[in-house]
Structure formats: structure tokens, C-alpha cells
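Residue-level structural notes
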Amino acid sequence: MPEIRFEAAEVRVESPDLGESRTILHPASLTLTEQRIGIIGSNGSGKSTLARMINGLVLPSAGSVTVDGLDVARRGAAVRRLVGFTFTDPAAQLVMPTCVEDVELSLRRTVKDRVRRKQVALDTLARFGLAERAEVSVHALSGGQRQLLALAGVLAAEPEVLVTDEPTTLLDLRNTRMVGDLLFSLPQQLVLVTHDLDLVRRCDRVLVVEDGRVCYDGDADAAVKHYVRTVSVG
Amino acid sequence: MSMTVGLYRPGDTVLHRLPVGAKLLGLAVISVAIVALRGPLLAVGFLVLAVVLALVGRLDLAATARALRAVLVIAVLVALLQWWLFTFDRALESLLDLISLALVALTLTVTTPTTETLDAVVRWIRPLRRVGIDPERVALTIAMAIQALPGTLTLAQETRDAARARGLGRSPRAYLTPFVIRVVARAHETGDSLKARGLGD
């Protein structure tokens, strides 16, 4: 598995109105090498910021983040070839009119031949159970299908790491299970940000983030217990 | 409505089989001719040509009517203005020309996969790489523009529904303000997602 390393990585944002800076994520030092890594925490705790740093969507204000030795701040493009990312609302990341065209878009950099590119895109859709929706508008899909298509679009480029931010938050029980099973069947290293405590229990290692700090780092059951206790006390 | 506006429909018509370059050239020639050649009779002729092309491409009648509805509203407003300012003939010509232009463009998008258009654009502007223009980035921008229309219409529909659900269906402010905010927010999210997918790096 690629090594994801945070070295005293910190995120601050300047607040021009107040003339001061606010810390979104306090210095974090972590080395992530497990295949399934979960991140849980309350809304606004900083867990999405932590996840977004892994592929350079958010850059550290101080310290560094590296993936397989590549610094996300200096080698952003190379890091993003290694790290795929999906968002809570897949509608924002589907940019082409039809399903097959959206997957093809991800393949433009790696598969130059048009006929082969389409075939690879169709094969990818078939793997995600979307073969029959290939020529359908991305706006005509159900929530579960959109999330699957977003995953298909990212995984078609064959990244080594998948970071997924609350992939099941907008889904019903059936689709939550389907997407969850799919995520945990992938060969890629998975970094899963979620509020779904059942899903995160399937991870090898779980980070609990509260108030911009990684306040617990350990095995899934202990991490969930810690999180529930923190929320109950709070 | 938003789901199928200008969406490619697979088919085996002559227009589907034509190379994308020929189709884009044809669109350019017809568009210039519609704008340059004046007179209501010629406008009727161009509308007939546009309808014939749509029939050859086997465009779905209901989807076409839905897609043209918004254009028709604008075309009628423009025609009324032309009638008021100039003559009835000029107003009629404007109305028919706008409908013809929209129908010809719609026929192109319905019979041509977006990816095919992007490949052609990338091929044509590849020499511009020497002056620092990235063909893939230009192609991506075109793809975004094509996708922006149905995406924005979906946001408009959702925002209108939300305003209605709160009993504010008749208030333009309750609809327009959140709509503009949502469009800007969606643009930011889309930018993030493109970056996350390594597109445009």
C-alpha cells in the first residue's frame, strides 16, 4: 500500500475581517499504510479537511503531506494520479452529459485511442452495474447510481488510493449497503470519511477528529467507542 | 426538461455517421447563411432546411419541443421588439432565424457524442500547443459549457420547488437569490471535483 504521511501538517485560514487566522486543523503527524482507513467526527470537526489534504484539494499551511514520497504541495498533479477522490454529492463531479462520456473523460489522459477508450469506459460501467445506463443522462440517475458513477469515473483512472468523503450520506439503506460493499471490495487503499459507524467498523484503522484535532487513532471498535463517548459527554 | 436538453441519442442515421468535422463545418456554414442572407422568404427556407435535418437525424419530437421551448420564448420577445421598432417582416425573419439556428445546433448535439466533438477539437487545436494553449484544457472547457445548461436547469428546478414548498412560489427574490448562490456554489464544487480527478492539471 502507498504510504500517506502527515508531518506536523496544519491548516489555518486567514480571516481578513477579524485580522486573525483560524486553525481548521491543528498540527497532525500520522503515517497511514493500512488498506482501509476510516475517519469519523462531528460536523465541522476537520475530518473532510484532513481527507482533502491527501490529494491536495487543501494544502497545509505548515508541515507537509506526502503520498508515496510525493509532496502534495509540490507534486500535486502526480499525487492526483495516485489518489482518486469522491465527494458527498456526486452531482458536482459528474461533468459530462451521459454516463459513458463521464467515465471516458477520466480516461482521456491514459487511453488515447477513442474506440478503446469507449470500450474501457463501458467495461468500467459494467463492473459497477451501470452497463444499461451507459447512454443515459447523468441527471436521470438515482442517488445511488450517481454515487456509483462518480466512483466509476474516479476508479477508471486506476488510482492507487481512493479517498471518499461521506459516500453514503445521501443514500438509502439499500444503496448504502451496495456502495459500502463495493468500497470494501476494492483493491485500492481506501480512506473513508463517514458518519456511518457500521461502515467504519469494517476499517483496519480509524481516526477520530474533533475540534480540528486527531483525538484518537486506533482500531475501529475502540475508535467508535471513543467517538460515541466523546459525543455523549459533549 | 433539464435531463435531456441537447443530449446525444445513439442512432444510425446519415447524420450520426457523418464525421464530426463535416457536421461542425455544416453548422457553421448554415449559421452564417441564416444570419447573412436576409428576407422572410429565405428565413422560411432555412427553417424548412432545419426541420429536414432534424427529421433526417430522427430527433425525438417531444424532447425537441421541450428543448426549443426556452428558445421560443426568447425568439418571440425579440420578434415583438423588432415588430415594435421596425417592421413585421423583420420580426418574422428574426423569429424564424432564431428557431432555425437553435434547431440546427440541437440536431448536431443530438447526433454527435460530446466526446467525439472534444476529440475533434483537441486534434484541430493541437498545433496551438506551441504557443502555450493546452488542447485538453480547451476541450474540457467546451465540455463544461455543454454540461452547464442541463446542470443549471436542474438547480433552477430544485430551487423553484424549494421556494414553492415554503409557500414562496410567487416571490422572485425567494427563487433568484438562492438560485444564484447555488449556481456559484456548484461552480466551486465542480472546480474542486475537476481538480480531484486530475483534470486540467
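One structure accompanies this document, and this report is about it. (Residues numbered from 1 in each chain as written. Chains lettered and ligands numbered in written order. Predicted model: local features only at pLDDT ≥ 70, side-chain atom pairs only at ≥ 80, totals over all residues.)

1. Comments concerning the overall build of chain A
- A count of helices and strands for chain A gives eight helices and 10 strands.
- Taken over the C-alpha trace, chain A has a radius of gyration of 18 Å; the compact-globule value for 234 residues is 17 Å, and the two agree within 12%.
- Across its three principal directions, the C-alpha atoms of chain A cover 50 × 40 × 40 Å.
- Looking at chain A as a whole, 51% of its 234 residues are labelled buried.
- Expressed as a percentage of contacts within chain A between residues at least 6 apart in sequence, the contacts between residues at least 24 apart total 62%. (Helix = DSSP H or I, 4+ residues; strand = E, 2+ residues; numbered from the N terminus. Rg over C-alpha atoms; globule rule 2.2 N^0.38 Å. Buried ≥ 20, exposed ≤ 12 C-beta atoms within 10 Å, placed from the backbone. Contact = placed C-beta atoms within 7 Å.)

2. Some remarks on the sheet that holds strand S5 (residues 70-71) of chain A
Residue and element names in this part refer to chain A.
- Here four strands make up an open sheet; going across it, the order is S2-S1-S4-S5 and the pairing antiparallel. The sheet terminates laterally at strand S2 (20-32) and S5, the two strands that pair on one side only.
- In this structure, strand S4 (residues 62-67) lies alongside S5, joined through two bridges in antiparallel fashion. Counterpart to Thr66 in the pairing with S5 is Asp71. (Pairing = 2+ DSSP bridges.)

3. A word on the nonpolar core
- Counting 78 residues, the largest nonpolar core has Ile39, Ile54, Leu149, Ala152, Val191, Leu192 and Val206 of chain A as the members making the most contacts within it.
- In terms of residue count, the dominant contributor to this core is helix H5 (residues 143-155) of chain A (seven residues).
- In contact with Leu192 of chain A, not counting residues within four places along its chain, are Ile37, Gly38, Ile39, Thr164, Leu183, Val200 and Cys203 of chain A.
- Formed by 23 residues, the second largest nonpolar core is a distinct cluster that contains Ala50, Ala79, Leu98 and Leu106 of chain B. (Core = buried A, V, L, I, M, F, W, Y, C linked by C-beta atoms within 7 Å.)

4. Observations concerning the sheet that holds strand S7 (residues 161-165) of chain A
Residues and elements named next belong to chain A.
- Pairing is mixed across the open sheet formed by six strands, whose spatial order is S6-S7-S8-S3-S9-S10. In this open sheet, the two edge strands, each paired with only one partner strand, are strand S6 (83-86) and strand S10 (213-218). Within this sheet the neighbouring strands show an average axis-to-axis angle of 15°, counted without direction.
- Of the pairings in the sheet, the one linking S7 to strand S8 (residues 189-193) comprises five bridges and is parallel in character. Directly across from Val161, in S8, lies its bridge partner Gln189. (Axes fitted to C-alpha atoms, helices over the stretch in contact; angles between N-to-C directions.)

5. Quick notes on the pairing of strand S1 (residues 4-15) of chain A
Residues and elements named next belong to chain A.
- By the bridge criterion, nine bridges tie S1 to S2 in an arrangement that is antiparallel. Counted as the bridge partner of Val13 is Arg22 from S2.
- Two elements, S1 and S4, share five bridges in a ladder whose sense is antiparallel. Counted as the bridge partner of Ile4 is Val67 from S4.

6. Comments concerning the interface of chain B and chain A
- Chain B puts 29 residues into the contact, and the matching count from chain A is 26 residues.
- Listed by contribution, the elements that provide at least two residues to the side of chain B that touches chain A are helix H6 (114-124), helix H7 (135-165) and helix H8 (172-196) of chain B.
- Among the elements that make up the side of chain B that touches chain A, the one with the highest residue count is H8 of chain B (eight residues).
- Looking at the side of chain B that touches chain A residue by residue, the classes come out as 12 nonpolar, nine polar and eight charged. (Nonpolar A, V, L, I, M, F, W, Y, C, P; charged D, E, K, R; others polar.)

7. Notes on the environment of Leu171 of chain A
All names here are of chain A.
- Looking at the secondary structure, you find Leu171 in the loop between S7 and helix H6 (173-183).
- Leu171 gets classed as buried once you count the C-beta atoms within 10 Å, which come to 21.
- The contacts of Leu171, once residues within four sequence positions are left out, are Gly143, Gly144, Gln147, Thr176 and Val179.

8. Here's the deal with the packing of helix H3 (residues 99-107) of chain A against helix H4 (residues 114-127) of chain A
Residues and elements named next belong to chain A.
- For the pair H3 and H4, interaxial distance at closest approach is 9 Å and the crossing angle is 115°. Judged by the sense of rotation from one axis to the other, the crossing of H3 with H4 is right-handed. Contacts between H3 and H4 involve Cys99, Val100, Val103, Glu104 and Leu107 from the former and Arg117, Lys118, Val120, Ala121, Leu122, Thr124 and Leu125 from the latter.
- Residues of the contact of H3 with H4, tallied by class, amount to eight nonpolar, one polar and three charged. (Left-handed = near helix turned anticlockwise from the far one by under 90°.)

9. Details of H6 of chain A
All names here are of chain A.
- Residues of H6 that are buried: Thr176, Val179, Gly180 and Leu183. With its buried residues spanning 100° around the axis, H6 presents them on a single face. Facing away from the buried side of H6 by more than 90 degrees, the exposed set consists of Arg174 and Asp181.
- On its buried side, H6 packs onto H5, S7, S8 and helix H7 (197-200). (Arc of directions from axis to C-beta.)

10. Remarks on unusual backbone geometry
- For Glu158 of chain A, which is not glycine, the phi dihedral falls at a positive 50°.
- For Glu158 of chain A, the location among the structural elements is in the loop between H5 and S7.

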